[in-house]
Amino acid sequence: MKFRLLSFLLLLCNFASAQKFHGLAQTPPMGWSSWNTFGTRINEELIKGIADYMVSSGMRDAGYQYINLDDGWSTRKRDSVTGDLVADPVKFPSGMKALADYVHSKGLKFGLYNCGGTMTCAKFPGSHGYEEQDARLYASWGVDYLKYDWCYSEGFDAQESYKKMSQALKDAGRPVVFSLCEWGTTKPWTWAKEVGHLWRISGDIGNVFDGIKQYDTWHSNGVMRIVDIAADLYPYASPGAWNDPDMMEVGNGQTEAQDKTHFSIWCMMAAPLMAGNDLTKMSDTTIRILTNKDAIAIDQDKMGWQGFRYSNVDSLQVWFKPLENDEWAVCFVNRSNKTKSVSFDWKKGKCGISRQSKSFERREN
Ligand code: GLA
């Protein structure tokens with residue numbers, strides 16, 4: 001009897017902690033998101049076109065799956081009778097279910113965006129207080145991925161809010177990858193492993209390679225600024241639980257060398273690979289970078305280790321990432337504008353990065 005009670009309690013504990021859908025995003029999710037290029041200027045034709053290009057450019061076959069609509073897909077107010085979120089009828093005249101069906105018909109998955117605050121960052125209705133209702137609506141539309149932001153959340157508790165939405169998605173019954181976007185403010189890598197599948201670690205990425213982009217009241221971070229934040233977080237990534245350095249800016253106007261560096265480091269960091277460019281207007285160079293099979297294989301390695309920065313001297317960085325079958329990926333990064341030559345002592349390097357060494361351990365939170 002005692003034994004039965006104990007197993008029952010253990011089972012309850014399990015349910016209480018196992019909120020998210022397990023088994024999803026076992027490798028970093030790959031896809032496209034509307035925000036970096038289009039902001040709130042999104043519509044049905046655009047998204048269908050992006051889905052078409054995802055296929056015709058070879059990106060789907062290279063592993064990209066999700067077509068994610070970011071902020072700006074809904075009307076400014078919920079339905080006055082049902083309280084449901086409503087897809088903007090001008091931007092999405094056929095509705096979200098039809099769009100999700102279209103995306104699915106291409107062999108892709110469909111993602112949406114909302115926020116744990118009272119409004120999204122672009123002031124569309126947020127999910128606070130409507131978590132279950134919204135989760136059920138997403139399930140009925142066929143949503144596979146939800147990015148959940150943190151604007152207009154003054155006075156709310158991040159852990160509580162994200163847990164609530166995670167549980168609501170689980171209760172709605174449709175497997176959804178849950179992407180936390182509270183910009184790293186409450187160190188989600190220390191608590192979100194059972195709540196979501198990926199969590200942003202920083203404020204927004206900006207379309208610059210290094211430094212910041214200053215706006216009136218806030219700034220976005222260049223690619224390398226985000227890398228600086230991500231570099232120390234490698235112990236917290238594992239299959240189904242990823243540090244998210246944000247959607248990529250590859251193909252948005254930086255130089256080829258910068259785009260290659262950006263993509264390579266994202267892959268070394270086992271980052272979610274969300275393209276943020278206009279797929280319908282990509283150059284061949286951008287396609288080549290985004291579909292580089294070797295780099296993607298490093299990102300998607302089944303061991304799910306986030307690579308780490310082994311050294312960082314005079315703007316020259318050396319990154320290592322352990323892979324399956326006792327293999328390693330190495331990446332030499334030149335952060336400066338000048339050409340540099342690299343000399344690396346492989347013997348010395350190898351003994352410094354043995355998996356047993358203290359410098360490379362995965363945290364089991
Ligand atoms: C926040 C997020 C961005 C994007 C915008 C949308 O800034 O961090 O990634 O989703 O909101 O308004």
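Let me begin by describing the structure that accompanies this report. Source: prediction; values computed, not measured. (Residues numbered from 1 in each chain as written. Predicted model: local features only at pLDDT ≥ 70, side-chain atom pairs only at ≥ 80, totals over all residues. Heavy atoms only, no water.)

1. Observations concerning the layout of surface pockets
This is how the line gets drawn: The rule is simple: put a 1 Å grid over the protein atoms alone, call a set of points where a 1.4 Å probe fits but cannot get out a cavity, call an open set with protein on both sides within 12 Å along at least five of seven lines a pocket, and count a residue as lining if it has an atom within 4 Å of a point. Grid points are joined across faces, edges and corners, and a volume is the space filled by probe spheres set on the points. To qualify as a helix, a DSSP run of H or I must reach at least 4 residues; to qualify as a strand, a run of E must reach at least 2; elements of each kind are numbered from the N terminus. Polar here means any residue other than Ala, Val, Leu, Ile, Met, Phe, Trp, Tyr, Cys and Pro, which are nonpolar, and Asp, Glu, Lys and Arg, which are charged; Gly is therefore polar.
Estimates place the volume of the largest pocket at around 550 Å³. Looking at the largest pocket, it is lined by 28 residues, and the ones nearest its centre are Trp35, Cys121, Asp204, Ile205 and Trp218. Elements with a minimum of two residues in the lining of the largest pocket: α2 (35–38), β4 (145–149) and β8 (219–221). Here the lining of the largest pocket is composed, by residue class, of twelve nonpolar, six polar and ten charged.

2. Section: the site of the ligand
Going by this rule: Whether a residue is near a molecule or strand depends on its heavy atoms: if one lies within 4 Å, it is near. Distance and chemistry together define a polar contact, namely a pair of N or O atoms within 3.5 Å, with one atom able to donate a hydrogen and the other to accept it when in protein, and with adjacent residues in sequence counting only for side-chain atoms on both sides. Per-residue and other accessible areas were derived by the Shrake-Rupley procedure at a 1.4 Å probe size, with only the shown protein chains allowed to occlude residues.
Taken together, 13 residues surround the ligand, and among them Asp70, Asp71, Lys147, Asp149 and Asp204 come closest. Asp149 is positioned such that a nitrogen or oxygen atom in its side chain is 2.8 Å from an oxygen atom of the ligand. Side-chain polar atom of Arg200 to an oxygen atom of the ligand: 3.1 Å apart, as the coordinates give it. Alone, the ligand offers 310 Å² of accessible surface; in the complex the protein occludes 93% of this.

3. Considering the pattern of salt bridges
Filter applied, for reference: We count a salt bridge whenever a side-chain nitrogen from Lys or Arg sits within 4 Å of a carboxyl oxygen from Asp or Glu. Partly exposed residues are those whose accessible area sits between 20% and 50% of the maximum for their type, while under 20% is buried and over 50% is exposed, using a 1.4 Å probe and protein chains only.
Taken as a whole and assessed by the stated rule, the structure comprises 14 salt bridges. Here Asp204 and Arg200 are joined by a salt bridge, their closest N and O atoms 2.7 Å apart. Its relative accessible area of 2% is what places Arg200 among the buried residues. Taken together, the salt bridges that share partners define one network made up of Asp210, Asp228, Arg309 and Arg335.

4. Considering the packing of aromatic side chains
Note the cut-off: Stacked, edge-to-face and tilted are the three classes for Phe, Tyr and Trp ring pairs, Trp counted by its six-membered ring, which pair at centre distances within 6.5 Å; planes under 30 degrees apart are stacked, over 60 edge-to-face, the rest tilted. Charge over a ring is defined by NZ of Lys or CZ of Arg lying within 6 Å of the ring centre and within 35 degrees of the ring normal.
Considering all chains together, one arrives at 18 aromatic pairs under this definition. Taking the centre distance of 4.5 Å and the plane angle of 20° together, the rings of Tyr215 and Trp218 count as stacked. Assessed through its relative accessible area of 41%, Trp218 is described here as partly exposed. Ring pairs connect the aromatic residues Tyr310, Phe320, Trp328, Phe332, Phe344 and Trp346, which therefore count as one cluster. Residue placement shows Arg78 over the ring face of Tyr130; its charged tip is 3.6 Å from the ring centre.

5. Some details on the pairing of strand β13 (residues 328–334)
Using the following cut-off: Strand pairing is assigned whenever DSSP identifies at least 2 bridges connecting the two strands.
Side chains of β13 alternate between two faces, with Ala329, Cys331 and Val333 buried and Trp328, Val330, Phe332 and Asn334 left unburied. With seven bridges joining them, strand β12 (residues 316–322) and β13 adopt antiparallel strand pairing. Each bridged residue has a counterpart across the sheet, and for Trp319 the counterpart in β13 is Cys331. If you look at the hairpin formed by β12 and β13, you'll find five residues sitting between the two strands, and Asn325 has a positive phi there, around 55°.

6. Some remarks on the state of the cysteines
Such a bond, covalent and formed between the sulfur atoms of two cysteines, is termed a disulfide. Basically, it comes down to this: The disulfide criterion used throughout: a pair of cysteine sulfur atoms within 2.5 Å.
Using the criterion set out here, one finds one disulfide in the structure. Between the sulfur atoms of Cys121 and its disulfide mate Cys151 the distance is 2.0 Å. The disulfide joining Cys121 to Cys151 has a torsion of about 95° about its S-S bond and is therefore right-handed. With Cys121 in the loop between β3 (109–115) and α6 (131–141) and Cys151 in the loop between β4 and α7 (158–172), this residue pair connects regions lying 30 residues apart in the sequence. With a relative accessible area of 32%, Cys121 lands in the partly exposed category. For Cys151, a relative accessible area of 16% translates into the label buried. Just so you know, Cys115 is unpaired, no disulfide at all, and the nearest cysteine sulfur is the one on Cys121, 5.3 Å from it. Of the cysteine sulfurs around Cys331, a residue in no disulfide, the closest is that of Cys267, at 9.2 Å.

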